[in-house]
Amino acid sequence: MKTAYKYIIFVFLLFLSTNSISAQETIGTSGSGQADILAAADHTLQTNINILWTCIAAFLVFFMQAGFALVESGFTRAKNTVNIMMKNLMDFSIGTVVFFFLGFGLMFGVSNGFFGTTHFAMNGTDVAGSDWNWTFLIFQTVFAGTAATIVSGSMAERTKFTAYLTYSVFIAAFIYPVFGSWAWGSLLDGGGWLEGLGFIVFAGSTVVHSIGGWLALAGAMMLGPRIGKYGPDGMPRAIPGHNIALGALGVFILWFGWFGFNPGSTTIGDGNIGRIAVTTNLSAAAASIAALFTSWIIHRKPDGSMALNGALAGLVAITAGCANVSPIGSVFIGLFAGFLVVTSVEFIDRFLKIDDPVGAVSVHGVCGAFGTLAVGLFDVSNGVFYGGSWSLLGVQAVGVLTAFAWAFGLGFILFFIIKKTIGIRVDEIEELRGLDIGEHGMEAYNGFQIFSTQ
Amino acid sequence: MKLIIAYIQPESLNAVKQALFEREVYKMSITNALGCGEQKGYHETYRGAVIEVNLLKKVRVEIAVNDNFVEKAIEGIISGAKTGKIGDGKIFIHELTECIRIRTGETGKLAIG
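## Some words on the overall build of chain A
At step 1: When its secondary structure is counted, chain A shows 16 helices and zero strands.
At step 2: The C-alpha atoms of chain A give 24 Å as radius of gyration, which agrees with the globular expectation for 454 residues (22 Å, within 12%).
At step 3: For chain A, the spread of C-alpha atoms along the principal axes amounts to about 90 × 50 × 45 Å.
At step 4: Each of the 454 residues in chain A was classed as buried or not, and the buried ones make up 52%.
At step 5: Once local pairs closer than 6 in sequence are excluded, the contacts in chain A between residues at least 24 apart make up 77%.

Structure below.
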């Protein structure tokens, strides 16, 4: 394809510059001048393709917001649907604005060694000379939105709306961008110590997903379980989601969006798009299969919601290494992520007794950490399984631990302060009646009879 | 034999079931109901406009019991559903003339069993 349109442009330029019918002759006489024009045209073309592809990828990642909204509402009860939709809408909206004014500068501005200090509200970036910065901003904004929205699921069905809005400001303004600057700052004008160590987190298993996942863990812990989640004997009870069709549609949308998330992170329109799409897809598929069979063995039925969680787990896990592992490596990463997500959901539910309604901590936190470590094993040039040293794995482990300490630590402090000031949880009656009536004064399924007793 | 019909707040159903189980009342039927009594409705808003909701969501509990379980059942419902606020609900008690178990053809006390 690439050579085909280069050829077309070549012919077109020849026609323009010679403006004669004796094209054959011209090639012979002024070959070097033609080559310069050709190189310049090729460069412009490649730049525009990069911009176009990165924008398309950004729009695909934006669509993942719809996926998250559907997964979370489908896996929870009908009486909280409006609340979940509103949380997903508002964390992206608030995130977009504060990331523009604050987060982007902290993440990609010229760094003071800890975080960026310029580029707030795009000031000081050479925006007139380069369309790239706008493209980069929209691409990074949707990533920040993704990190923010992960938390919504684990805190579903019991969080005060005002508490959630407050949290949304802090993740997009500070928690996500500062960690992001350590790993990704040099993508623009910043620079961070983690990338200096050689930390590989290509499209963000750690930066986006683990950060979101560990914040989700802190939030769920601070909230406590939903009423009725744990019996008097301390055993977890199922609180089934109200619409698996919505949940499944959400997973498909997320999978679709991930073709922007991972292949888009090259920000270059070339053959890598296809290669990364292949590793991404293989991992998701393998993880879905692994989760299905794991749940089949443990629960004796092929659990639909677990297979759906499994697909997401595979996507999260491959996000770190999608550009650095082989397709076969991605299958192994996916298989293990699928197994891991089921066991992690069980572990968090039964042993830690933390109520995470949609499995956000397992999918994003645990599988994000696993995927980041897996780069140290499966990286085709430096991974342990490919004859590399253990040093890459060590660096990956440093990144994973740093992400946990930063996100869980700050998240715990943030949610504690929210709890002590505006309050984090709705009262008991409101939780039983549903947050749709209590927080928003409206129902999601007006006119339908729904047992609001669950 | 008596047929007990209670209208209670949906959110108190679990507590009522629990209280009934503790009193060895295991059989009941539950239906969704809409109704209003002394508790006035509430207001929902939809796109800025107010909707007055007059008929509130309630749950109807039906329990057929032998006479020696009537007190226990009533006590269980009250202990689960009472908050002291308007809207807790009401209990109605009917005489029950007959009861037949379809599977065996048993009637009366045996059928309620």
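## Section: the overall build of chain B
At step 1: Counting its regular elements, chain B contains three helices and six strands.
At step 2: In chain B, the order of α-helices and β-strands from amino to carboxyl end is β-α-β-β-β-β-α-β-α.
At step 3: The C-alpha radius of gyration computed for chain B amounts to 17 Å, which surpasses the reference 13 Å derived for 113 residues by more than 25%, pointing to a less compact arrangement than a globule.
At step 4: Across its three principal directions, the C-alpha atoms of chain B cover 60 × 25 × 20 Å.
At step 5: Per-residue burial for chain B yields a buried fraction of 22% across its 113 residues.
At step 6: Restricting to contacts in chain B with at least 6 residues of sequence separation, those with at least 24 account for 71%.

## Quick notes on the confidence of the model for chain B
At step 1: Predicted confidence across chain B gives a mean pLDDT of 89, with 96% of residues reaching 70 or more.
At step 2: In the predicted complex, the global pTM is 0.86; the interface-specific ipTM is 0.71.

## A look at the interface of chain A and chain B
At step 1: Contacts between chain A and chain B engage ten residues on the former and ten residues on the latter.
At step 2: Split by residue class, the side of chain A that touches chain B holds four nonpolar, five polar and one charged.

## Concerning the sheet that holds strand β2 (residues 29–35) of chain B
Residues and elements named next belong to chain B.
At step 1: Pairing in this open sheet of four strands is antiparallel, and the strands run β2-β5-β1-β6 from one edge to the other. Each edge of the open sheet carries a strand with a single partner, namely β2 and β6 (89–95). The mean angle between the axes of side-by-side strands here comes to 25°, regardless of whether they run parallel or antiparallel.
At step 2: Note that strand β1 (residues 2–8) and β6 share seven bridges and pair antiparallel.

## Describing the packing of helix α5 (residues 132–154) of chain A against helix α6 (residues 161–184) of chain A
Residue and element names in this part refer to chain A.
At step 1: In the contact formed by α5 and α6, the axes pass within 10 Å of each other and the chain directions differ by 135°. Comparing their axes, α6 and α5 come out oblique. As α5 packs across α6, the resulting crossing turns out to be right-handed. On α6, the residues that touch A144, A147, A148 and V151 of α5 are Y167, S168, I171, A172 and Y176.
At step 2: For the contact of α5 with α6, a count of residues per class yields eight nonpolar, one polar and no charged.

## Observations concerning the packing of helix α10 (residues 272–299) of chain A against helix α11 (residues 304–321) of chain A
Residues and elements named next belong to chain A.
At step 1: Running from N to C, α10 and α11 cross one another at 145°; their axes reach a closest spacing of 7 Å. Of the two possible hands of crossing, α10 and α11 adopt the one that is right-handed. Contacts between α10 and α11 pair T279, T280, S283, A284, A286, A287, S288, A290, A291, L292 and S295 from the former with M306, A307, N309, G310, A311, A313, G314, L315, A317 and I318 from the latter.
At step 2: The class makeup of the residues in the contact of α10 with α11 is 13 nonpolar, eight polar and no charged.

## Thoughts on the nonpolar core
At step 1: By size, the foremost hydrophobic cluster in this structure holds 125 residues, and its most contacted members are A:I211 and A:A313.
At step 2: Top contributing element to this core by residue count: α6(A), with 14 residues.
At step 3: Excluding anything up to four places from it in sequence, A:A313 contacts A:A287, A:A291, A:A337, A:G338, A:L340, A:V341, A:V363 and A:C367.
At step 4: The next biggest cluster of nonpolar side chains, apart from the first, holds 16 residues, and it includes B:I4, B:V61, B:A73 and B:I77.

## Some remarks on helix α2 (residues 70–81) of chain B
Residues and elements named next belong to chain B.
At step 1: Spanning twelve residues, α2 covers 17 Å between terminal C-alpha atoms, matching the ideal 16 Å at 1.5 Å per step.
At step 2: Those residues of α2 lying buried are A73, G76, I77, G80 and A81. Across the axial projection of α2, the buried residues extend over an arc of 105°, all falling on one side.

## Examining the environment of A:K87
Residue and element names in this part refer to chain A.
At step 1: Checked against the element boundaries, K87 lands in helix α4 (residues 81–108).
At step 2: Classification of K87 as buried rests on a count of 30 C-beta atoms within 10 Å.
At step 3: Each C-alpha atom of the pair K87 and L45 lies 40 Å from the other, and the pair is 42 residues apart in sequence.

## A few points about the environment of A:V375
Residue and element names in this part refer to chain A.
At step 1: Counting through the fold element by element, V375 comes out in helix α13 (residues 360–378).
At step 2: For the pair formed by V375 and A39, sequence separation is 336 residues and the distance between their alpha carbons is 36 Å.
At step 3: When near neighbours in sequence (up to four residues on either side) are disregarded, V375 contacts I200, A320, G321, N324 and Q396.

## Describing unusual backbone geometry
Residue and element names in this part refer to chain A.
At step 1: At H119, a residue that is not glycine, the phi angle is positive and equals roughly 70°.
At step 2: By the secondary structure assignment, H119 is in the loop between α4 and α5.
At step 3: Even without glycine at this site, R300 takes up a positive phi of about 65°.

Criteria and cut-off values
Residues numbered from 1 in each chain as written. Chains lettered and ligands numbered in written order. Predicted model: local features only at pLDDT ≥ 70, side-chain atom pairs only at ≥ 80, totals over all residues. Helix = DSSP H or I, 4+ residues; strand = E, 2+ residues; numbered from the N terminus. Rg over C-alpha atoms; globule rule 2.2 N^0.38 Å. Buried ≥ 20, exposed ≤ 12 C-beta atoms within 10 Å, placed from the backbone. Contact = placed C-beta atoms within 7 Å. pLDDT = per-residue confidence, 0-100. Nonpolar A, V, L, I, M, F, W, Y, C, P; charged D, E, K, R; others polar. Pairing = 2+ DSSP bridges. Axes fitted to C-alpha atoms, helices over the stretch in contact; angles between N-to-C directions. Parallel < 35°, antiparallel > 145°, perpendicular 65-115°, else oblique. Left-handed = near helix turned anticlockwise from the far one by under 90°. Core = buried A, V, L, I, M, F, W, Y, C linked by C-beta atoms within 7 Å. Expected span 1.5 Å × (residues − 1). Arc of directions from axis to C-beta.

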